[in-house]
Amino acid sequence: MNARQATARTAPDARGGAIPTHARDNAAGPSAAVPPTIEVRGLSKTYRSKREGTVLALDDISFTVEEGEFVCIVGPSGCGKSTLLKILAGIVAHSVGTVAVRGKPPSDAQNRLGLVFQAPVLLPWRTVLQNTLLPAQVLGLDPKAAEARAHDLLRMVGLEQFASSYPNELSGGMQQRCSITRALLHDPSILLMDEPFGALDAMTRDTMNLELQRIWRESGKTIFLITHSIPEAVFLADRVLVMSARPGRIVEEIKVDLPRPRDLDTMSEPAFAEAVRHIRGLFGIGGKERPHVD
Amino acid sequence: MSTDVKASADTPPPADTLPARAPFSIAGLIDRHLGVLSFIILMLALEFGLRYFRVPDYVLPPPSQIFTALVRGFAPPFLSPSQYYVNIATTLTEALLSFVLGSAFGIFAGAMVVEFKGVRRLALPYVIGLQSVPKVALAPLFVVWFGFGIESKVLLGVLLTFFPLLINTAAGLSSVERDRIELMASLKAKRWTTFRMVKFPSALPYVFAGLEMAAVYSILGAVVGEFVGGNSGLGVLILSRNAALDIAGSLAALVILAVMGIALQRAVAFARGRLLFWAPVHDRLDADS
């Protein structure tokens, strides 16, 4: 146990995390300029629906996410945020434009990213440990090393003592933490999160946000997170992309310069309030003209 | 964030808040053993009612005679074709073989139909066509084609158990949560890996509902097959006892069939409890509240 932790700590990591990571491996090559981790250019998505005919879900979306960056996307429900995330995950095909994840199409077998849904999506017949180990089995990783890593991750999120519990024995917050350990197990350099804490109560949600910030700082991952909570986006992100209602367009990109690590007091700082107010203004909430968005 | 509110809230309540054990009462005793008690009362009522009204034995014999017939059937010579042992062995073999083979084919076919569009287009019309045929009506044909041995009975049983498994497996595989499949897609999992690790386990509650039906149908297939033509088995025994107007013997064989059916269903339920400990128990009648 001690030996393993010691070797883990020797891994050179700028943020000094206990979990070893190869997140910066592809940045090490001196030859080429570092491409953005996620690059989306002129992406549109249309789909056919029986009732409405051809529907334009996403319209001419362009943005990049740099390596190690924490980017949040906010938008009203039904604006195509989730579709965008599924396109990045290689689950759904896009219609027009180019999408590159680490320089390759998202469906490329090398792009094994970590995905966290709004629901924990744990397999009920597997224990917490077995659920965490799922990616290792799918990807054929060394079982011994994977198990050691799973225990490290479970310790990191405070689930170590529940390793042999089944999901239905855990609270919603604990289940969601387990789904995060699963997303991190195969050490993906990118974490895609679709309203990961949307189903949790306000207090658990605050705690989970702090937790996620810590995980991000310790692991150096690139995180792309969808939310419909503006304060949550501002609290977590380096950059917030604001999306319009359907068809989804990126209306504005806001850089959040609040110092890290942020804590709950950050939310009462004027700069925080200013950023939140600014984004709300984009949706017309709090203004006089268009009081409804959702 | 190493402790959780729920974890501490989930500790068992202190002992003094547990409900006190109800004091001994006749009403409580009756309530708990209502099933057994009503059975005893029913048997006694039948026994004396049938004797009192002088119902002839060749119409409906009293329970005591059925019991005597049961005891006589289990007495030596053990290997005689008129005793129960050989006949139970035949019917049980037929039923178990149909159950295993029919279920296996049904699960396989259900998976193929869901996983491969081509198979679905090709096979579904036949499946629907065959399913609307009352399968037991095929029993006489099967005896002509496959003879008086156990083959014709097993095939009839396979045909009966195949469909519930096909339908249930297909329904189960089609209703797997989308998120679970997308999770595997995000890992770029191979199709077979997704099927094996996520889709099939998710469909198991449906599969087991099919297996419970198949347990009943497999015995039905065996007995109907034996009625139509056979040398041995409880169905044959029922026919020969009927012909001899030995209704008690006939009903005794029926009791054995009932016990066999219950045993097979219990075995499936036991396996389900072991494998599907994670699935919510939906309104089961035998779930004690």
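- By the naming in an unreviewed UniProt entry, chain B is NitT/TauT family transport system permease protein, taken from Aquabacter spiritensis.
- Reading the Sequence similarities (unreviewed entry) entry of the UniProt record for chain B gives the comment "Belongs to the binding-protein-dependent transport system permease family."
- For the record of chain B, the UniProt heading Subcellular location (unreviewed entry) holds the text "Cell membrane".

- For chain A, an unreviewed UniProt entry supplies the name NitT/TauT family transport system ATP-binding protein and the organism Aquabacter spiritensis.
- The Sequence similarities (unreviewed entry) field of the UniProt record for chain A holds the comment "Belongs to the ABC transporter superfamily."

## Digging into the overall build of chain B
In step 1: For chain B, the helix and strand inventory stands at 12 helices and 0 strands.
In step 2: Looking at chain B as a whole, 33% of its 289 residues qualify as buried.

## Considering the interface of chain A and chain B
In step 1: Contact with chain A, which involves 24 residues of that partner, is made by 19 residues of chain B.
In step 2: Residue assignment for the side of chain A that touches chain B shows that the elements contributing at least two residues are helix 4 (134-139), helix 6 (172-185) and helix 7 (202-219) of chain A.
In step 3: When residues of the side of chain A that touches chain B are assigned to their parent elements, the largest contribution, 4 residues, is made by helix 4 of chain A.
In step 4: Across the side of chain A that touches chain B, the residue classes tally to 16 nonpolar, 6 polar and 2 charged.

## A few points about the UniProt feature "transmembrane region" (unreviewed entry) in chain B
All names here are of chain B.
In step 1: Here the UniProt feature "transmembrane region" (unreviewed entry) sits at residues 34-53, 95-114, 126-148, 154-176, 197-223 and 243-264.
In step 2: Between the end C-alpha atoms of residues 126-148 the distance is 28 Å, and the span holds 61% helix and 0% strand.
In step 3: With 91% helix and 0% strand, residues 154-176 has end C-alpha atoms that lie 33 Å from one another.

## Observations regarding the domain arrangement of chain B
In step 1: Considered domain by domain, chain B is made up of domain 1 (26-55) and domain 2 (72-275).
In step 2: Averaged C-alpha coordinates put domain 1 of chain B and domain 2 of chain B at centres separated by 35 Å.

## Some words on the UniProt feature "domain: ABC transmembrane type-1" (unreviewed entry) in chain B
In step 1: Here the UniProt-annotated "domain: ABC transmembrane type-1" (unreviewed entry) positions come out as residues 88-268 of chain B.
In step 2: Across residues 88-268 of chain B one finds 86% helix and 0% strand; the C-alpha atoms that close the span lie 20 Å apart.

## What to know about the pairing of strand 2 (residues 53-65) of chain A
Residues and elements named next belong to chain A.
In step 1: Relative to strand 2, strand 1 (residues 38-49) runs antiparallel, the two being bridged by 9 bridges. When the sheet's bridge partners are listed, Leu43 is paired in strand 2 with Ile61.
In step 2: Between strand 1 and strand 2, which pair antiparallel and follow one another directly, the connecting turn spans 3 residues.

## Description of the nonpolar core
In step 1: By size, the foremost hydrophobic cluster in this structure holds 78 residues, and its most contacted members are Cys72, Val74, Leu88, Leu192, Phe224 and Val240 of chain A.
In step 2: Examining the composition of this core, we find that 6 residues originate from one element, helix 6 of chain A, more than from any other.

## Some words on the sheet that holds strand 1 of chain A
All names here are of chain A.
In step 1: The strand order across the open sheet formed by 3 strands is 2-1-4, and the pairing between neighbours is antiparallel. The open sheet terminates on both sides in strands that have one partner only, identified here as strand 2 and strand 4 (96-101). Averaged over all pairs of adjacent strands, the angle between their axes in this sheet comes to 30°, without regard to strand direction.
In step 2: With respect to the sheet, helix 2 (residues 81-88) is in contact with strand 1, strand 2 and strand 4, its orientation differing from that of strand 2 by roughly 65°.

Rules used in this analysis
Residues numbered from 1 in each chain as written. Chains lettered and ligands numbered in written order. Predicted model: local features only at pLDDT ≥ 70, side-chain atom pairs only at ≥ 80, totals over all residues. UniProt positions renumbered as here; feature names shortened; annotations may be inferred. Helix = DSSP H or I, 4+ residues; strand = E, 2+ residues; numbered from the N terminus. Buried ≥ 20, exposed ≤ 12 C-beta atoms within 10 Å, placed from the backbone. Contact = placed C-beta atoms within 7 Å. Nonpolar A, V, L, I, M, F, W, Y, C, P; charged D, E, K, R; others polar. Domains from an automatic or database assignment. Pairing = 2+ DSSP bridges. Core = buried A, V, L, I, M, F, W, Y, C linked by C-beta atoms within 7 Å. Axes fitted to C-alpha atoms, helices over the stretch in contact; angles between N-to-C directions.

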